[in-house]
Amino acid sequence: MSDHAVDLKITGRVQGVSYRWTCRQEAERLGVTGWVRNEPDGSVAAHAEGERDAVEALVGWCRSGPSGARVDDVQVTASSVGGATGFDAQ
């Protein structure tokens, strides 16, 4: 059961380096649901919800990202549980 939810905005060199795809893979591995998408400004936005430890592990992963990414900042905002779930393909 989900008990923790956050919205994230990841900035830096995060588009064109498989960031979105590998973020989805990591979320699924951790049992976190939500969505992740590229934004027009070059950032990546995500919503993650699940068990607190799993969501926090995903946030930690977002700070480093996949090989080739350069993450400048990860803004984390608390969100409501039961928001958007099910990873989209955007």
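Quick caveat: nothing in here was measured; it's all calculated off a predicted structure.

A. Focus on the UniProt feature "active site" (unreviewed entry) in the chain. Those residues carrying the UniProt feature "active site" (unreviewed entry) are Arg20 and Asn38 in this numbering. Over a stretch of 19 residues, the named residues converge on one spot in the fold, their C-alpha atoms separated by at most 7.1 Å. Inspection of the secondary structure puts Arg20 in helix 1 (residues 19-30). Within the secondary structure layout, Asn38 lies in strand 2 (residues 33-38). Ignoring anything within four residues of it in the chain, the contact list for Asn38 reads Gln15, Arg20, Ser43 and Val44.

B. Region of interest: the pattern of salt bridges. Within this structure, the stated rule accounts for four salt bridges. Across the pair Asp41 and Lys9 runs a salt bridge, and its minimum N-O distance is 3.0 Å. Residue Asp41 is found in the loop between strand 2 and strand 3 (44-50), and its partner Lys9 is found in strand 1 (residues 4-13); the two are separated by 32 residues along the sequence. With a relative accessible area of 53%, Asp41 lands in the exposed category.

C. Here's a closer look at the packing of helix 1 against helix 2 (residues 52-64). Put simply, helix 1 and helix 2 touch, their axes get as near as 10 Å, and they point 155° apart. Our classification of the angle between helix 1 and helix 2 gives roughly antiparallel. For the element pair helix 1 and helix 2, the recorded crossing hand is right-handed. Where helix 1 approaches helix 2, its residues Tyr19, Thr22, Cys23, Glu26, Ala27 and Leu30 are matched on the opposing element by Ala54, Ala57, Leu58, Trp61 and Cys62. Along the lines of polarity and charge, the residues of the contact of helix 1 with helix 2 split into nine nonpolar, one polar and one charged.

D. Highlighting the nonpolar core. Ranked by internal contacts, the top residues of the largest apolar core, which has 22 residues, are Leu8, Ile10, Tyr19, Cys23, Val32, Leu58 and Cys62. The dominant element in this core, judged by the number of residues it contributes, is helix 2, at six residues.

What counts, and at which threshold
Residues numbered from 1 in each chain as written. Predicted model: local features only at pLDDT ≥ 70, side-chain atom pairs only at ≥ 80, totals over all residues. Heavy atoms only, no water. UniProt positions renumbered as here; feature names shortened; annotations may be inferred. Helix = DSSP H or I, 4+ residues; strand = E, 2+ residues; numbered from the N terminus. Contact = heavy atoms within 4.5 Å. Salt bridge = Lys/Arg side-chain N within 4 Å of Asp/Glu carboxyl O. Buried < 20%, exposed > 50% of the residue type's maximum accessible area, 1.4 Å probe, protein only. Axes fitted to C-alpha atoms, helices over the stretch in contact; angles between N-to-C directions. Parallel < 35°, antiparallel > 145°, perpendicular 65-115°, else oblique. Left-handed = near helix turned anticlockwise from the far one by under 90°. Nonpolar A, V, L, I, M, F, W, Y, C, P; charged D, E, K, R; others polar. Core = buried A, V, L, I, M, F, W, Y, C linked by side-chain atoms within 4.5 Å.

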